[in-house]
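Okay, here's what each chain looks like letter by letter:
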Amino acid sequence: MKARKQGEPVIFGDATSEGVLTHAGIPTARIAVVVIKDHVAVRKMVSTCRNLNSELTIIVRTRYICEVEALHATGADEVIAEEFETSVEIFTVVLNKYFVPRDWIESFITDVRADGYQMLRSSSNIPKTLPDYVRYIPEVSLTALTVEPGSLMAGTTLGKINLRKRYNLLVLAIRRGEEIITGIGGETRIEAGDSAIIYAKPEDVVKGNTS
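Here is what the cut-offs are and how they apply
Residues numbered from 1 in each chain as written. Predicted model: local features only at pLDDT ≥ 70, side-chain atom pairs only at ≥ 80, totals over all residues. Heavy atoms only, no water. Salt bridge = Lys/Arg side-chain N within 4 Å of Asp/Glu carboxyl O. Helix = DSSP H or I, 4+ residues; strand = E, 2+ residues; numbered from the N terminus. Buried < 20%, exposed > 50% of the residue type's maximum accessible area, 1.4 Å probe, protein only. Polar contact = N/O pair within 3.5 Å; in protein donor to acceptor, adjacent residues only side chain to side chain. Contact = heavy atoms within 4.5 Å. Pairing = 2+ DSSP bridges. Expected span 1.5 Å × (residues − 1).

Q: Describe the pattern of salt bridges, and please don't skip the residues or the numbers.
A: It is possible for side chains of opposite charge to pair when their charged atoms get near one another. One pass over the full model with this rule turns up four salt bridges. For Arg50, the salt bridge identified is with Asp77, shortest N-O distance 2.9 Å. With Arg50 in helix H3 (residues 39-52) and Asp77 in the loop between helix H4 (68-74) and strand S3 (78-81), this residue pair connects regions lying 27 residues apart in the sequence. On the accessibility criterion, Asp77 (35% relative accessible area) is partly exposed. Between Glu82 and Arg61 there is a salt bridge; the shortest N-O distance is 3.0 Å. Residue Glu82 is found in helix H5 (residues 82-97), and its partner Arg61 is found in strand S2 (residues 57-62); the two are separated by 21 residues along the sequence. For Glu82, a relative accessible area of 29% translates into the label partly exposed.

Q: Let's hear about the side chain of Ser195: which residues, and what values?
A: Locating Ser195 in the fold gives a position in strand S9 (residues 195-200). Here the side chain of Ser195 touches Thr146 through a polar contact of 3.4 Å, side chain to side chain. Those residues in contact with Ser195 that lie beyond four places of it in its chain are Leu145, Thr146, Ala173, Ile174 and Arg175.

Q: Describe in detail the pairing of S3, supporting the description with residues and values.
A: Because side chains alternate across S3, one face comprises the buried residues Val79 and Ala81, and the other comprises Glu78 and Ile80, none of which is buried. Relative to S3, S2 is paired through four bridges, and the arrangement is parallel. Residue pairing in the sheet places Val60 in a bridge with Val79 of S3.

Q: A description of H3 should follow, citing residues and the corresponding values.
A: Here H3 spans 20 Å end to end across 14 residues, near enough to the 20 Å set by a 1.5 Å rise per residue. Considered for burial, the residues of H3 that qualify are Ala41, Val42, Met45, Val46, Thr48, Cys49 and Arg50. Residues of H3 that are buried sit in contact with helix H2 (18-23), strand S1 (31-34), S2 and H4. The backbone nitrogen of Val40 has a side-chain oxygen 3.0 Å away, supplied by the residue at the start of H3, namely Asp38.

So this is what it looks like as structure tokens:
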């Protein structure tokens, strides 16, 4: 392993095991960062770490917002939800396109994170999804268009299709299976089965979808 060859202390073992975590120094550590994807193992690891060290700061990365509350209850201090962060990234792109001041956007995102994503999990009338936010911006439609097999878009790049110039459609992101692809550019390739997240006026979406 590269890190071990460079002299870094690397330990291999079951991260949910009390013995392994003790050997890794959790009882005297100041911070533990948990980034594994198995949500059952993550909860067990967080619980064990908390039992070994009540003063430990535990930071966890999880895939879904619905896991945040349970992980906090298990003993995590900070939980970063990938699902939320992807939504934040797309939401930020939309607001930037409408020239919303950057400090306003950052203030909003900071408030949501500080609230433990409660704004996205609450049953109150606070908007909970990206389309909910966007409907407060005039003349905007945010929708997902699926690229069907045999479509002229399948297997080509956004630069070649040039949806922005031809149909006034802006592709913010692409969902490919479980993956969300951001950082979209002209070289980004579209594949059959992809769902393109489109930002445009409703009438332009209809035109682009029927062309």
